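Observations on the model geometry
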Amino acid sequence: MTGMKKQDKYQSHPGIELQNRQWPNRKIETTPTWCSVDLRDGNQALVNPMTLEQKLEFFTLLVEMGFKEIEVGFPSASEVEYQFCRTLIEQNHIPDDVTIQILCQAREHLIERSFEAIQGAKNVIFHLYNSTSIAQRKIVFGKNKDEITEIATQGIKWIKSHLNEFNGTLTLQYSPESFTGTEIEFSLSICEAVIKEWGIDKKTIINLPATVELFTPNIYADMIEWFCRNTRYREAMIISLHTHNDRGTGVAATELGLMAGATRVEGTLFGNGERTGNVDIITLALNLYTQGINPMLDITNLPHIMSVSDRCTEIPVHVRHPYAGELVYTAFSGSHQDAIKKGMAYQTQKSDPLWEVPYLPIDPTDVGRSYEAIIRLNSQSGKGGVAYIMEAEYGVQIPKAMQPEFGKIVQEFTDKKGKEITAIDVWNTFESTYLTPNPNFQFKSFKYNVNEDETCEGELHAIINGKDLRQAGSGNGPLDACKAALNTIGVTLSVQAYHEHALSQGSNSNAIAYVEIEKDGIKKWGAGIHSNITNAGIKAIFSALNRV
Ligand code: KIV
Ligand code: ZN
C-alpha cells in the first residue's frame, strides 16, 4: 500500500450532537454585516507589516468599498497600532456611518491604553478575546475552565470601569479564541458569562472563530446552530463568524455558518491573514452576488482593489484566485473557448439580462475585467478560440468552414512554441499564411467592365512564376472573369466558397474576402484585403493558389 500510513498522531473530530439540524435546508438570503480585519489579522500576518501610510490607503479603500465595520488594529499592542488609531480619529478619516473596531486582550493596562486610543471616535466596537481551547488551557495557560472564564469576565469589568471616559457609542465584541478547539458547552458558558457581566439588555457581538480550521465545514455549521439554539441570551447576541482557511474551506465554513444562524462575518480581502489566511470577503461577497443577492460592497473595480492590496500587503493575488486571479476569465481548452464564444454571442443577442455564458459564473465586466482577456491560446486551444481572438482583436470574421484549417495552422505554431501565444502571434500567423505576397502568383491589378447582361470582361495583370502577364477573361462577374483569365494560361481552379466583409468603418475602409478553391483535387483557403472588394476577392484567390 502506498501513501501515508494510518496512524494515531491525528484524530477526527467526534462531531456535534445536534438533533434535527436545520442549516442544511436553509439558503443564504440576506447579506451579512461585513467586518474587515485586514488592518489587524491581515496586517499581523505580513512579512512587512503595513506602514502608517499604507494602512491609511487600505482604510480608504475599505471605506470606498462600503465596509461599515473595520478592525483597525490592536492599539494597546504597539506604538504603530496606537498611532494609526489616533491618526484616523484626529485627522477625521472615519465617516460617521463607519464603526472602527479595536482588538484587546483581557488585561487591565491594555484595556486602559485601548480607551486612550479610541478617545474622540464616534462609534467603536471594543473586541475582547481570550483563548478558551482545550490545548491552550492545558499547554499555554495551565488554567481550568473557571479560571479562563474569570479572565473574560474580569476583562468586561475593566471595560465597564472605563466607559464613563468615553463619549462615543461603544459596542462590546467577545471572541472565545480557538472556538473550534473548545468544547462547545464551554464556549457557550463563557460567552453567556460575558453577556451576563456586560448586560443582557444590550446587543453584544459574539464572534465564534475558527482560529484554526480543524474539520469539515458542516461541523463548524453544526457548532454555530448548536450555539444559537442553546443559548439563553440569543436576543442579546449578534452571532459573528471569523474563519481561517487551514483546510482550504474557510469560504465554505462561513457560508454554512451563515445558514446556521450567524449574521456577521469577519474576513479580509483576498483572504490575507495568519498562515493560510482569513476567509476571503471578496469571494464571499461575489458568491452572494452570483446568487442574485446584493453583496452591499462595491467590487466593480477588482483590478483597483487588487492593486491597492498588492501594494500594501506585498502579497500578490494568485492567478487562479476566485473572481480576481489573472487567469480566471481565460479558457485555454478549445471546447471551453468555443462554448464561451457561443455563449457571449447568445448573451448579446437575447433580450433578457440573465447571465448564461458557459464556463463563466460571472460577467467579467461586472468586476471591472474585460472580455478581451477571456480567451487565451496555448496548444490546448481550438479553432473557436483562434476565431474569437481574430474577431475580437482584429475584426477578422473567419468563416466557419475556414476555421478548422486556420485553427490547425495556429495549433502547429503553438505546439512548436511550447507555451502560450498572444493575439499578435495569431495575427502574424494569419498574415504570413494568407496575406503575404508570394512571387509564384502575384496579383497586380484587374480592370473590368460589367455588360448590360451582367457578364463581365476584364484584364488581369499578374506576375506568375516570375513572368509579367496581362491576360483577358470574361465570365459571370469579376471573379469568374479573373478565373477565366487564369485559365488561358493553364491555371484551372474552381471556387468552392466565398465570404467577404468590411474590416473597418469610414470611407478609407478595407474589405476582406475569403475564398476556398479546388485545384488539381486540392482544396485550400485564401484571404485578401483591399480597399476594393473585387480586388480583395482576387487577392484571396491568389492567396489560395499560392497555398495549393
Ligand atoms: O482567529 C482568531 O481567533 C482571532 C481572534 C482574535 C478573533 O483573530
Ligand atoms: Zn483570526
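Look above for the structure.
Residues numbered from 1 in each chain as written. Chains lettered and ligands numbered in written order. Predicted model: local features only at pLDDT ≥ 70, side-chain atom pairs only at ≥ 80, totals over all residues. Heavy atoms only, no water.

What follows deals with the packing of aromatic side chains. Applying the stated rule across the entire model yields 12 aromatic pairs. Members of the aromatic cluster, connected to one another through ring pairs, are Tyr394, Phe406, Trp427, Phe430 and Tyr434. Here the guanidinium or amino end of arginine 113 rests over the ring plane of tyrosine 82, the centre of that ring lying 3.5 Å away. A cation over a ring is seen here: lysine 202 above tryptophan 198, with NZ or CZ 4.4 Å from the ring centre. (Phe/Tyr/Trp six-rings, centres within 6.5 Å; stacked < 30°, edge-to-face > 60°. Lys NZ or Arg CZ within 6 Å of the ring centre and 35° of its normal.)

With that settled, consider the nonpolar core. Counting 105 residues, the largest nonpolar core has Phe126, Ile224 and Leu269 as its most contacted members. Both of domain 1 (34-313) and domain 2 (334-434) provide at least three residues apiece to this core. Apart from residues lying up to four places away in sequence, leucine 269 is in contact with Asp38, Phe58, Leu61, Leu62, Met65, Phe67, Asp280, Ile282 and Ile305. Membership of the second largest hydrophobic core comes to 24 residues, among which are Ala423, Tyr434, Trp525 and Ile529. (Core = buried A, V, L, I, M, F, W, Y, C linked by side-chain atoms within 4.5 Å. Buried < 20%, exposed > 50% of the residue type's maximum accessible area, 1.4 Å probe, protein only. Domains from an automatic or database assignment. Contact = heavy atoms within 4.5 Å.)

All right, on to unusual backbone geometry then. With the exception of glycine, the majority of residues adopt a negative phi angle, and the majority of peptide bonds are in the trans configuration. A positive phi angle, close to 55 degrees, is found at arginine 275, a residue other than glycine. Here arginine 275 shows up in the loop between strand S8 (264-267) and helix H10 (281-289). In the Ramachandran plot, asparagine 465 falls in the positive-phi region, its phi being about 50 degrees despite a non-glycine side chain. Summarising the element assignment, asparagine 465 is placed in the loop between strand S10 (456-464) and strand S11 (467-475). (Helix = DSSP H or I, 4+ residues; strand = E, 2+ residues; numbered from the N terminus.)

Looking now at the side chain of serine 178. As for its position among the elements, serine 178 is in the loop between strand S5 (169-177) and helix H7 (184-198). Note on serine 178: relative accessible area 10%, which makes it buried. A polar atom in the side chain of serine 178 sits 3.1 Å from the side chain of glutamate 177. Discounting residues that sit within four places of it in the chain, serine 178 has contacts with Ser131, Thr132, Ser133, Gln136, Pro209 and Thr211. (Polar contact = N/O pair within 3.5 Å; in protein donor to acceptor, adjacent residues only side chain to side chain.)

With their axes 10 Å apart at the nearest point, H7 and helix H8 (residues 217-230) run at an angle of 45 degrees to one another. With respect to each other, H7 and H8 are oriented oblique. Like other packed secondary-structure pairs, H7 and H8 cross with a definite hand, here right-handed. Side by side, H7 and H8 meet where Ile184, Glu185, Ser187, Leu188, Cys191 and Glu192 of the first sit next to Met223, Trp226, Phe227 and Asn230 of the second. (Axes fitted to C-alpha atoms, helices over the stretch in contact; angles between N-to-C directions. Parallel < 35°, antiparallel > 145°, perpendicular 65-115°, else oblique. Left-handed = near helix turned anticlockwise from the far one by under 90°.)

Secondary-structure assignment places glutamate 266 in strand S8. Judged by its relative accessible area of 0%, glutamate 266 is buried. When neighbours within four sequence positions are excluded, glutamate 266 is seen to be in contact with Cys35, Val37, Gln101, His127, Gln173, Asn207, Ser240, Leu241, His242, Thr243, Val279 and Ile281. Here glutamine 173 takes part through its side chain, which lies 2.7 Å from a polar atom of the side chain of glutamate 266. In terms of polar contacts, glutamate 266 uses its side chain to reach the side chain of arginine 264, at 3.0 Å.

Turning our eyes to something else, we now look at the sheet that holds S11. With antiparallel pairing, the 3 strands of this open sheet are ordered in space as S9-S10-S11. Of all the strands in the sheet, the pair left with one neighbour each is strand S9 (441-450) and S11. Between one strand axis and the next, the sheet turns through 15 degrees on average, direction left out of account. Here S9 pairs with S10 via 9 bridges, running antiparallel. Counted as the bridge partner of serine 445 is histidine 461 from S10. Those strands touched by helix H16 (residues 478-488) are S9, S10 and S11, and its axis lies near 130 degrees from that of S11. Packing against the sheet, helix H17 (residues 533-547) makes contact with S9 and S10, and its axis sits at approximately 145 degrees to S9. (Pairing = 2+ DSSP bridges.)

Attention now moves to the site of ligand 1. Lining the immediate surroundings of ligand 1 are Arg40, Asp41, Leu103, His127, Ser175, Glu177, Asn207, Pro209, Thr211, His242 and His244. At 3.0 Å from an oxygen atom of ligand 1 is found a side-chain nitrogen or oxygen belonging to histidine 244. With the chains in place, 95% of the 260 Å² that ligand 1 exposes on its own is no longer accessible. (Near = heavy atom within 4 Å. Areas by Shrake-Rupley, 256 points an atom, 1.4 Å probe, with all protein chains shown as cover.)

Scope: geometric values only; no functional claims are made or implied.
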